[in-house]
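# Summary of structural features
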There are 2 protein chains.
Amino acid sequence: MSAASLRTAVVIGCGTTGTSVALALTRAGVEVTLVDENPRAVSEAVTAGAGTAWTPRCPPADLVVVATPPSEVVDTLYSAQARGLGHVYTDTAVTKDIVSAEAELRGCDLKGYVPGHPLAGPDAPGPTAAGANRFTGRPWILCPYETTPGRVLETAAALIELCGAHRLELAPHVHDRVVAELSHGPHLVVAALAARFADSSPAFLGLAGPELSDTVRTAAGDPWAWSEILAHNAGPVADVLDRIAGQLARAAAILREGDDLAPLELALALEEGRRGEARLGAAGHLRTVQDACAGGRV
Amino acid sequence: MSAASLRTAVVIGCGTTGTSVALALTRAGVEVTLVDENPRAVSEAVTAGAGTAWTPRCPPADLVVVATPPSEVVDTLYSAQARGLGHVYTDTAVTKDIVSAEAELRGCDLKGYVPGHPLAGPDAPGPTAAGANRFTGRPWILCPYETTPGRVLETAAALIELCGAHRLELAPHVHDRVVAELSHGPHLVVAALAARFADSSPAFLGLAGPELSDTVRTAAGDPWAWSEILAHNAGPVADVLDRIAGQLARAAAILREGDDLAPLELALALEEGRRGEARLGAAGHLRTVQDACAGGRV
């Protein structure tokens, strides 16, 4: 299926991600219908121009996008397939290993479903702000099963193209390790740092430089949404945390021992940090990702 | 001594801090002479308008500011006092417990010296950019001895006023715990996070959201300068690192155990982080510090 032949879509879940996908598809001329267990979420999305409310009279759509919280994706997918809402299904959950395994165990029709994850990041107006450009220029990861038919991948590719994103295929466990390293692990590290100031006085915090606020900004994210994400990517995130905890404990031990080599050992550790910061900054300049992901696999 | 009666000053150490102090004093009409073991550093500071090169013919100045790296402060102070460079001495080192104790052990004249630390933070054009406004509106901490004479404190207060900063008095060990919590500890945590990307491929890092770059930005700091700072504040920094390492290890254990309460426990930890981020942001709005430090002590 080419992007031009994607005509109708159902988006289930009218949160930030679902509404953004619906807005992008609507803008591209796709006829979008919307589902959410909360009727108000549907009417807000309709008001925003994301499509119209889905009704049982709607014929099966070319594509169904399941954009619920991760823990509800598989049940929602199973039920949508059982009710015949569409021909091809994908989801947008931020973890993929559990979702793709559970979809198989639950008996979902894998011949009509490909797991997916659009990596938005909050370049958008705000972390909770839906917009048709939310995924423009960003990677959109697909985690196909070995048996996923070509027509399913083509429909998902059409979705990604219409959202202005860049398609990338990863195995589910690789995907989960990638987001653990780049997003989920760092989120918890930043939260642990910020938590130290939860009960601090304004006089004490007034002594902080402005760079500390920048460092801990992501800790402002919704604790319940993040908690669900982290629990869904438990093993890879725990690995990241354990390694960073080990590095910090080693640095503390070097400081306490305080032998003559301490400054050298610390400087070497900090130099690693400087190299990492520089590489990350350099990669940011390639953020269109077309270059970075030219090979299609990381 | 009022700010108006501070007429002459020697600044020893023409790095970012020393040059910024010299620029502020020169702008205020103080006659500033400059010392650095590197003649090029002196001539660059002179070219920048920070003052003139000190010569042995200069009469003793009203104030001598020792702005060398922390490990050289005490020797520099001792030698400057022995040579009679001025009447009152202060320093700008970012740690204070070791510096003030060593100055006493070394036999420096404590009747003419008050340890100090201007908290600039990189609001300035860049972390290494000297400027007359580098300390404007920021706290400047003094750590007087019990025996520090009033005239010494008044001269230091005049320096702080002319730099546009806000004077705050803290005991040296309290100062060191404050900067360990707000700056030195977070620096190492960020470096440990950034170090994970030191050898990552551009394709992998291209998947990172832009917020990760913001999170790890401070890791770009000079490893050798930071290593010296950390080694000089070893105990308090090690305490911060151990506690954060413990929190991360606990979060990892919660994730691995994966029982039904895991999402709740994680959410509570993340909520602490959210509260800390919010308090820090609120304190930032008070950053003139006049309000926050109205009591004079944290």
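Reading the values: rules and limits
- Residues numbered from 1 in each chain as written.
- Chains lettered and ligands numbered in written order.
- Predicted model: local features only at pLDDT ≥ 70, side-chain atom pairs only at ≥ 80, totals over all residues.
- Helix = DSSP H or I, 4+ residues; strand = E, 2+ residues; numbered from the N terminus.
- Buried ≥ 20, exposed ≤ 12 C-beta atoms within 10 Å, placed from the backbone.
- Contact = placed C-beta atoms within 7 Å.
- Domains from an automatic or database assignment.
- Nonpolar A, V, L, I, M, F, W, Y, C, P; charged D, E, K, R; others polar.
- pLDDT = per-residue confidence, 0-100.
- Least-squares fit on C-alpha atoms with pLDDT ≥ 70 in both.
- Pairing = 2+ DSSP bridges.
- Axes fitted to C-alpha atoms, helices over the stretch in contact; angles between N-to-C directions.
- Parallel < 35°, antiparallel > 145°, perpendicular 65-115°, else oblique.
- Left-handed = near helix turned anticlockwise from the far one by under 90°.
- Expected span 1.5 Å × (residues − 1).
- Arc of directions from axis to C-beta.
- Right-handed = clockwise from strand over helix to strand, strands pointing away.

### Here we look at the overall build of chain A
In terms of regular secondary structure, chain A is built from 11 helices and nine strands. Expressed as a percentage of the 298 residues in chain A, the buried residues total 56%. If you take every contact in chain A between residues at least 6 apart in sequence, the share linking residues at least 24 apart comes to 71%.

### Looking at the interface of chain A and chain B
With 88 residues of chain A at the contact, the number on the chain B side is 88 residues. Taken together, the elements giving at least two residues each to the side of chain A that touches chain B come down to helix H6 (172-195), helix H7 (202-205), helix H8 (210-216), helix H9 (223-232), helix H10 (234-257) and helix H11 (262-284) of chain A. At 18 residues, H11(A) tops the list of elements feeding residues into the side of chain A that touches chain B.

### Notes on the domain arrangement of chain A
Residues and elements named next belong to chain A. Here chain A is described as being made up of domain 1 (3-170) and domain 2 (176-257). For domain 1 and domain 2, the distance between their C-alpha centroids amounts to 30 Å. Residue-level contacts link 10 residues of domain 1 with eight residues of domain 2. Here the residues of the side of domain 1 that touches domain 2 sort into six nonpolar, two polar and two charged.

### Considerations on the confidence of the model for chain A
Residue and element names in this part refer to chain A. Overall, the prediction assigns chain A a mean pLDDT of 92, with 92% of residues at 70 or greater. Every residue in residues 123-127 scores below 50 in pLDDT, and together they form seven contacts with partners more than four places removed in sequence or on other chains. Low pLDDT, under 50, characterises residues 288-298; the predicted model gives this stretch 28 contacts beyond four residues in sequence or across chains. We note a pTM of 0.89 for the whole complex and an ipTM of 0.88 for its interfaces.

### Looking at the relation of the copies chain A and chain B
Aligned on chain B, chain A shows an RMSD of 0.1 Å; the corresponding rotation is 180° and the shift along the axis is 0.0 Å. Between the two chains, the operation in question is that of a two-fold axis. Interface residue correspondence from chain A to chain B reaches 100%, placing this contact among same-surface, isologous pairings.

### As for the sheet that holds strand E4 (residues 61-66) of chain A
Spatially, six strands are ordered E3-E2-E1-E4-E5-E6 (chain A) in an open sheet, and the strand pairing comes out parallel. On the outer flanks of this sheet lie strand E3 (52-53) and strand E6 (113-114) of chain A, each paired with one strand and no other.

### Section: the sheet that holds strand E8 (residues 139-142) of chain A
All names here are of chain A. Read from one edge to the other, the open sheet built from three strands follows the order E7-E8-E9, with strand pairing classed as mixed. Looking along the sheet, the strands with just one partner apiece sit at the ends: strand E7 (116-118) and strand E9 (166-169). Ignoring which end each strand starts from, the neighbouring axes of this sheet average 20° apart. Here E7 runs beside E8; their pairing, made up of three bridges, is antiparallel. When the sheet's bridge partners are listed, Pro-118 is paired in E8 with Trp-140.

### Regarding the packing of H6(A) against H10(A)
Residues and elements named next belong to chain A. Packing of H6 against H10 leaves a shortest axis separation of 8 Å and a crossing angle of 55°. Taken together, H6 and H10 sit at an angle that is classed as oblique. Crossing handedness for the pair H6 and H10: right-handed. Note on element contacts: H10 touches H6 through Pro-236, Val-237, Val-240, Leu-241 and Ile-244, opposite Asp-176, Arg-177, Ala-180, Glu-181, His-184, Gly-185, Leu-188 and Val-189. Across the contact of H6 with H10, the residue classes break down as eight nonpolar, two polar and three charged.

### Quick word on H11(A)
Here H11(A) is 23 residues long and its end C-alpha atoms lie 33 Å apart, about the 33 Å a rise of 1.5 Å per residue gives. Those residues of H11(A) lying buried are A:Pro263, A:Leu266, A:Ala267, A:Ala269, A:Leu270, A:Glu272, A:Gly273, A:Arg274, A:Gly276, A:Glu277, A:Leu280 and A:Ala283.

### Considerations on helix H3 (residues 73-82) of chain B
Residues and elements named next belong to chain B. Residues of H3 that are buried: Val-73, Val-74, Thr-76 and Leu-77. In a view along the axis of H3, the buried residues occupy a sector of 160°, so they form one face of it. Buried residues along H3 sit in contact with strand E1 (8-12), strand E4 (61-66), strand E5 (86-91), helix H4 (97-106) and strand E6 (113-114). In the stretch just after H3, Gly-84 is the one whose phi turns positive, near 65°.

### Digging into the packing of H6(A) against helix H6 (residues 172-195) of chain B
Between H6(A) and H6(B), the shortest axis-to-axis distance is 11 Å and the interhelical angle comes to 175°. Taken together, H6(A) and H6(B) sit at an angle that is classed as roughly antiparallel. Contacts between H6(A) and H6(B) pair A:Pro186, A:Val189 and A:Leu193 from the former with B:Pro186, B:Val189 and B:Leu193 from the latter. Taken together, the residues of the contact of H6(A) with H6(B) sort by class into six nonpolar, no polar and no charged.

### Notes on the pairing of E8(A)
All names here are of chain A. Taking every second residue as pointing to the same face, both faces of E8 are buried, with Pro-139 and Ile-141 on one and Trp-140 and Leu-142 on the other. Here E8 pairs with E9 via four bridges, running parallel. Residue Leu-142 lies in a different strand from E9, and its bridge partner there is Glu-169. Regarding the hand of the β-α-β motif, the stretch spanning E8, helix H5 (residues 150-162) and E9 is right-handed.

### A closer look at the environment of A:Asp260
Examined against the element boundaries, A:Asp260 turns out to sit in the loop between H10 and H11. Considering only alpha carbons, one finds A:Asp260 and A:Gly116, 144 residues apart in sequence, at a separation of 52 Å.

### Some words on the pairing of strand E2 (residues 31-35) of chain B
All names here are of chain B. Within E2, four of the five residues are buried, which leaves the element mostly enclosed by the surrounding structure. The sheet contact formed by E1 and E2 spans five bridges and is parallel. When the sheet's bridge partners are listed, Ala-9 is paired in E2 with Val-32. As for the winding sense of the linkage, the β-α-β connection from E1 through helix H1 (residues 16-27) to E2 is right-handed.

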